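Below are the chains, spelled out letter by letter.
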Amino acid sequence: MNIETERRHRVSNFRNFVENTVRNYSTQPACGLVHGFQKDSIQNGWGHRINEKGWKMIFRYVENEKGKFFVVEDIGCTGLIGKNYSTDEIEKLQVKNLLGPNEKLARFSSLYNSGGNEDGAGLYGLGKIMYQAVSRDYLEYFDSNTVEGNYVANYVDVEDTNNRAYEGKQAVDFIKEKTNLDKKETKGTRIIIVNPVDELVNALRSGELVNDINETWWRIIEKYNATIELYDGDNLLFTADVPEVYKKYYGDNQHFYIFHNLTLEPGYRIKNFGFMYTDGDDELDLPLYSQDSENHLLGNIAYYRKDMKIGNIVELDSLNLDSKYKNRISGFLEVDAEWEDKLKDNEDTTHYRIASKNKKDYQKMKSALTRYLNEFLEMKGLKKKAKYVDPNEDLKELANDLTDFLKDCNLDLDLSTINSGKIKPLQIVCNKEYPNEGLRTVECEQSMIFKYKITKTVTDYNYTVDIIFTDSNGNDKIYSSKDIIINSNEYESEWIEVSYDDFWPKSRNLVKVLITSKENIKTKTACTFPVFVGVDETKDSEDIVFRLNDIILPNPDTKRINYNEEIEKIELKIINNLNVDFTAGVSGFIQDVNDRNNTIDVI
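Below is a short write-up of the structure. The residue count restarts for each chain, going from 1 along the sequence in the order it is written. With the structure being a predicted model, the display of local features is reserved for residues of pLDDT at least 70 and the display and counting of side-chain atom pairs for 80 or more, all residues being used for whole-chain, interface and lining totals. Excluded from the side-chain calculation are hydrogens and water; included are all heavy atoms of the structure.

1. A few points about the overall build of the chain
Line of reasoning, step 1. Secondary structure elements are taken from DSSP: a helix is a run of H or I of four residues or more, a strand is a run of E of two residues or more, and numbering for both begins at the N terminus. Scanning the chain for helices and strands turns up twelve helices and 28 strands.
Line of reasoning, step 2. By residue count, 52% of the 603 residues in the chain fall in the buried class.
Line of reasoning, step 3. Whether two residues are in contact is decided by their heavy atoms: any pair within 4.5 Å suffices. Sequence separation of 24 or more characterises 66% of the internal contacts of the chain that already satisfy a separation of 6 or more.
Line of reasoning, step 4. Surface exposure here means Shrake-Rupley accessible area, sampled with a 1.4 Å probe, where a residue is shielded only by the protein chains that are shown. Element-wise, carbon and sulfur atoms account for 45% of the exposed surface of the chain, whose accessible area totals about 28,400 Å². A simple rule labels every residue: compare its accessible area, found with a 1.4 Å probe on the protein chains alone, to the largest value its type can have, and call it buried under 20%, exposed over 50%, or partly exposed in between.

Right, here's the structure in full:
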């Protein structure tokens, strides 16, 4: 194929566009040219990864007879795949919005498109402009070894570019002629910045650049063991890592608290969030950009979208903390892909802050973080504990009335875990296996097994688990008692085997697994189930458990339902402990809150 090599002059004033981008990245809440450069360079490479394993990025300063270059190279990526369109063809496709995400070469070559970076945080196509922004000549060369087996190269200047990228041997020769660099052998893309600004080279050598990378991208290093290396020529200067203060405290039960997979409501699921505070002599870094900005520093409460740090959610000044604690607190939050899609269009173009704080997608995130952060601070004694007011007392009363009604049907029901919304402080469920199929009996020389799973949304992490057996006459004995530590929001025990001789003999045993917080004894819950030891199975009051699991009101704060409004959802849970299937019928009724004997309607 003959590659067109004539130059194509740019229609727009690209130099002004680059200079304006530099100003945007140098204006708060952005953190300056160097910080923005590393942030966007890595998100370009991370978004084009083939998979997490084997991905790598290299920053390298090179001087040779062809000049001074700053090289950004990703490894383990797709490369600039897609058809090698001419600039005329790209413009026509761009106008018609026909450049698909896999046309990465065309998208990279165009001015105002993102690079087809579906797995990265970029949206506006400004990140690739940063390569010109850190060049004194506003000039870069690039080459790419793609997973499609192609090798392409070209240059990007503020005045012009080749009408079509070089391919194959022409691409290799072009890069060698312009930079004296050999062909890129690994899969991915290499950006070669001509005559880099001193600010960038000095940041590479001083460690400022790697510190910025650590602060922005520590999550991919921790989660995926991502490798990011910084070189001066062939000399390895730094390898990016989780910041030392994070490594010291995250995972420390006394200083760190984390949650995983917490659903607030449909469409809003938190994947990971955690908080930490440091000891008095271990203050977190000051702001990276200016003393007046609290947006990008280690000591803030930030959210990460597609693994890239975006910006603050909760301002520490809003928490009424003693000033001595403000440089000792850090936190992060990651949400699922569905929520990320809602958030992505509500960021500024530099990806350093939320554009509008009034939107639901942001408010949900802020509300959840504020709630759990306050719990964390109160638990650690960093903030005075507020008096808790249960927002669901009226619902509890109604549920208790329903319980009384169902008790007339000889069912003893447990509504102890009721709580507003889907976030419940502490829950425990038991999974049981009995030796006799279809029955809950244990005979002489037999054993049964069970295990329990705990889910929590409180910040306490020290708990006691008691397993108690109660016989038919109400006599109790403790089978076991032990302390456990729960650092995440879920904990699952090993299988526990209980033999015939461990139970009360010749009796119905009620097994109770009780979990109690050692930090707040009011935080407790239990699950119970019967075991018939050496006696025939009978139906009993713990066989069916009824719970009001969730309710979504139109005005959750006031619990008021105005004219033409409706309750969106009432979710009931019935737990079957019978070890056999059964059929249940459920009915409800609407009462006058001022007159419990006045039934307004039956559901």
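2. Some remarks on the environment of Ser-41
Line of reasoning, step 1. Looking at the secondary structure, you find Ser-41 in helix 2 (residues 33-47).
Line of reasoning, step 2. Sequence separation between Ser-41 and Met-130 is 89 residues; the distance between their C-alpha atoms is 7.9 Å.
Line of reasoning, step 3. Sequence-distant contacts of Ser-41, defined by excluding residues within four places in its chain, comprise Met-57, Phe-59, Val-72 and Tyr-131.
Line of reasoning, step 4. Polar contacts, as counted here, are pairs of nitrogen or oxygen atoms within 3.5 Å of one another; within protein the pair requires one atom able to donate a hydrogen and one able to accept it, and residues that are adjacent in sequence qualify only if both atoms are side-chain atoms. Within the structure, the side chain of Ser-41 is placed 2.7 Å from the backbone oxygen of Phe-37, a separation counted as a polar contact.

3. A word on helix 8 (residues 208-224)
Line of reasoning, step 1. Given the number of residues in a helix, its expected span is that number minus one, multiplied by 1.5 Å. Between its terminal C-alpha atoms helix 8 stretches 23 Å, which fits the 24 Å expected from 17 residues at 1.5 Å a residue.
Line of reasoning, step 2. Along helix 8, the sharpest kink reaches roughly 75°, centred on Trp-217.
Line of reasoning, step 3. Among the 17 residues of helix 8, twelve are classified as buried, and the element is accordingly described as predominantly covered.
Line of reasoning, step 4. Those residues of helix 8 that fall on the buried side of the exposure criterion are Leu-209, Val-210, Asp-212, Ile-213, Asn-214, Glu-215, Thr-216, Trp-217, Trp-218, Arg-219, Ile-220 and Ile-221.
Line of reasoning, step 5. Trailing helix 8 by a residue or two, Asn-225 shows a phi angle of about 55°, which is positive. Given a residue, its bend is the angle between the two axes fitted to the seven residues that end at it and to the seven that start from it.

4. Considering the state of the cysteines
Line of reasoning, step 1. Pairs of cysteine sulfur atoms within 2.5 Å are what we label disulfides. The tally for this structure, following the rule as stated, stands at one disulfide.
Line of reasoning, step 2. The residue that forms a disulfide with Cys-430 is Cys-527, at a sulfur-sulfur distance of 2.2 Å. Here Cys-430 is found in strand 16 (residues 426-433), whereas its partner Cys-527 is found in strand 24 (residues 524-533), with 97 residues between them in sequence.
Line of reasoning, step 3. A relative accessible area of 17% places Cys-430 in the buried class.
Line of reasoning, step 4. Given a relative accessible area of 9%, Cys-527 falls into the buried group.

5. Considering helix 11 (residues 360-379)
Line of reasoning, step 1. For helix 11, with 20 residues, the first-to-last C-alpha span of 28 Å sits near the 28 Å given by 1.5 Å per residue.
Line of reasoning, step 2. Burial in helix 11 covers these residues: Asp-361, Tyr-362, Met-365, Ala-368, Leu-369, Tyr-372, Leu-373, Asn-374, Phe-376, Leu-377 and Glu-378.
Line of reasoning, step 3. The elements touched by buried residues of helix 11 are strand 11 (256-265), strand 12 (268-277), strand 13 (301-305), strand 14 (308-314), strand 15 (329-335) and helix 10 (337-344).
Line of reasoning, step 4. Where helix 11 ends, the next residue or the one after it, Gly-381, has phi of about 75°, a positive value.

6. Quick notes on the pattern of salt bridges
Line of reasoning, step 1. For this analysis, a salt bridge means a side-chain nitrogen from Lys or Arg found within 4 Å of a carboxyl oxygen belonging to Asp or Glu. Overall, the coordinates contain 26 salt bridges when judged by the stated rule.
Line of reasoning, step 2. Among the salt bridges present, the one from Asp-143 reaches Arg-190, with a minimum N-O distance of 2.5 Å. In this pair, Asp-143 sits in strand 4 (residues 140-145) while Arg-190 sits in strand 8 (residues 188-194), placing the two residues 47 residues apart along the sequence.
Line of reasoning, step 3. The class for Asp-143 is buried, based on a relative accessible area of 0%.
Line of reasoning, step 4. On the accessibility criterion, Arg-190 (7% relative accessible area) is buried.
Line of reasoning, step 5. The closest approach of N and O atoms between Lys-344 and Asp-341, which form a salt bridge, is 3.9 Å. In this pair, Lys-344 and Asp-341 both sit in helix 10, three residues apart, roughly one turn of the helix.
Line of reasoning, step 6. Take Lys-344: its relative accessible area is 26%, and that puts it in the partly exposed class.
Line of reasoning, step 7. When salt bridges that share partners are traced, they join Arg-219, Glu-222, Lys-223, Asp-307 and Glu-334 into one network.

7. Some details on the packing of aromatic side chains
Line of reasoning, step 1. Side-chain rings of Phe, Tyr and Trp (the six-membered ring for Trp) are treated as a pair once their centres are within 6.5 Å; stacked means planes under 30 degrees apart, edge-to-face means over 60, and tilted covers the remaining angles. Evaluation of the coordinates by the stated rule reveals 26 aromatic pairs.
Line of reasoning, step 2. With centroids separated by 6.4 Å and ring planes inclined at 85°, the aromatic side chains of Phe-37 and Tyr-131 adopt a geometry described as edge-to-face. Pair noted here: Phe-37 is in helix 2 and Tyr-131 is in helix 5 (residues 130-133), with a separation of 94 residues, a long-range link. Across the pair, Tyr-131 and Phe-37 agree in class, each one buried.
Line of reasoning, step 3. By way of ring pairs, the aromatic residues Tyr-257, Phe-259, Phe-273, Phe-275, Tyr-277, Tyr-372 and Phe-376 are connected into one cluster.
Line of reasoning, step 4. One residue, Lys-342, lies across the ring of Tyr-268, its end atom 4.0 Å from the ring centre. Criterion for a charge above a ring: Arg CZ or Lys NZ at most 6 Å from the ring centre, at most 35 degrees from the ring normal.

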